[in-house]
Amino acid sequence: MKKIFSTIMMLAMIIAALSLTACSSSDDDEEGGGVNTSFLVGTWKVLDEEKYIQFKNNGTFIDANDTDVHHGTWTLTDKTLLLKYNEEKLVMTISIISISNTNLTMKSLSYYFLSNPSDVYEGDGNTLKLEKVADSAIEKYLK
């Protein structure tokens, strides 16, 4: 339980540390208000941090930094990204503010643990900016 709390706190601190004002939607966003899934697939680096998240075509993701590597599954509906972390049994709901081939801005909306899904916690509401990098950038954390 301590590791789960530590992971949530780490994510909250990263999001809080990178708190920025929201940008308008990119011209590259998919028409009709949804997000083009092909833009999301790939490896993203959190700006000013050594933290990466890699979204794969098969609906899985890897979230890695110099101390932790987490695996899970993702689904995308319109502009809402749902991340289910395997190890922590954690589910996060994230709003995609804007996305293009090279930049991603998102905001944590809520999270809960599968052990108690009725206890939904509100996200901090801060935005997080990421840039797309080569898939090989995350490899050093996977060894």
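Up top is the structure.
Since the model is a prediction, treat every value here as computed from it, not as a measurement.

Peer 1: Help me understand the overall build of the protein, please; the structure alone is not making it clear to me.
Peer 2: Helices and strands together make up the secondary structure of the protein, namely two helices and nine strands. Beginning at the N terminus, the succession of helices and strands in the protein can be written as α-α-β-β-β-β-β-β-β-β-β. Counting every atom, the protein has about 7700 Å² of accessible surface; 52% of that belongs to carbon and sulfur.

Peer 1: For this particular structure, what's the right way to read the pairing of strand β7 (residues 103-113)?
Peer 2: Each regular strand carries side chains that alternate between the two faces of the sheet. Looking at chain direction, strand β6 (residues 90-99) and β7 are connected through nine bridges and run antiparallel. From the neighbouring strand, isoleucine 99 faces β7, where its bridge partner is leucine 104. Hairpin connection, β6 to β7: the antiparallel pair is bridged by three residues. As paired strands, β7 and strand β9 (residues 127-133) are joined by five bridges and run antiparallel to one another. Residue pairing across strands places leucine 104 opposite leucine 130, the latter belonging to β9.

Peer 1: Would you explain the pattern of salt bridges in this entry?
Peer 2: One side chain can pair with another of opposite charge once the charged atoms of both are near each other. Tallying each qualifying case throughout the model produces two salt bridges. Note that lysine 140 and glutamate 50 form a salt bridge whose closest N and O atoms lie 3.7 Å from each other. In this pair, lysine 140 sits in the segment after β9 while glutamate 50 sits in the loop between β1 (42-46) and β2 (51-55), placing the two residues 90 residues apart along the sequence. Accessibility expressed as a relative area gives 53% for lysine 140, which makes it exposed. Classification of glutamate 50 by relative accessible area gives partly exposed; the value is 38%. Between aspartate 63 and lysine 51 there is a salt bridge, with its nearest N and O atoms 2.4 Å apart. Taken together, the residues aspartate 63 in strand β3 (residues 60-65) and lysine 51 in strand β2 connect sequence positions 12 residues apart. Judged by relative accessible area, lysine 51 falls into the buried class, the value being 6%.

Peer 1: Any chance you could explain the nonpolar core here in plain terms?
Peer 2: Nonpolar side chains in soluble globular proteins generally cluster together in the buried interior. Ranked by internal contacts, the top residues of the largest apolar core, which has 25 residues, are Leu40, Phe55, Trp74, Leu81 and Leu83. For this core, the secondary-structure elements that each account for two or more residues are α2 (37-40), β1, β2, β4 (69-77), β5 (80-85), β6, β7 and β9. Here the element with the most residues in this core is β6; it accounts for five residues. Counting residues in hydrophobic clusters, the runner-up holds five residues, among them Tyr52, Ile62, Ala64 and Ile138.

Peer 1: Please explain the environment of leucine 104 as it appears in this structure.
Peer 2: Tracing the backbone through its elements, the reader meets leucine 104 in strand β7. With 25 residues separating them along the chain, leucine 104 and lysine 129 place their C-alpha atoms 5.8 Å apart. Here leucine 104 is in contact with Leu40, Trp44, Ile96, Ser98, Ile99, Leu128, Lys129 and Leu130, once residues within four sequence places are set aside.

Peer 1: Would you mind showing me how to read unusual backbone geometry here?
Peer 2: With the exception of glycine, the majority of residues adopt a negative phi angle, and the majority of peptide bonds are in the trans configuration. Phi is positive for aspartate 78, close to 55°, though the residue is something other than glycine. Position of aspartate 78 relative to the elements: it lies in the loop between β4 and β5. Look at aspartate 78 and you get exposed, because its relative accessible area is 57%.

About the thresholds
- Residues numbered from 1 in each chain as written.
- Predicted model: local features only at pLDDT ≥ 70, side-chain atom pairs only at ≥ 80, totals over all residues.
- Heavy atoms only, no water.
- Helix = DSSP H or I, 4+ residues; strand = E, 2+ residues; numbered from the N terminus.
- Areas by Shrake-Rupley, 256 points an atom, 1.4 Å probe, with all protein chains shown as cover.
- Pairing = 2+ DSSP bridges.
- Salt bridge = Lys/Arg side-chain N within 4 Å of Asp/Glu carboxyl O.
- Buried < 20%, exposed > 50% of the residue type's maximum accessible area, 1.4 Å probe, protein only.
- Core = buried A, V, L, I, M, F, W, Y, C linked by side-chain atoms within 4.5 Å.
- Contact = heavy atoms within 4.5 Å.

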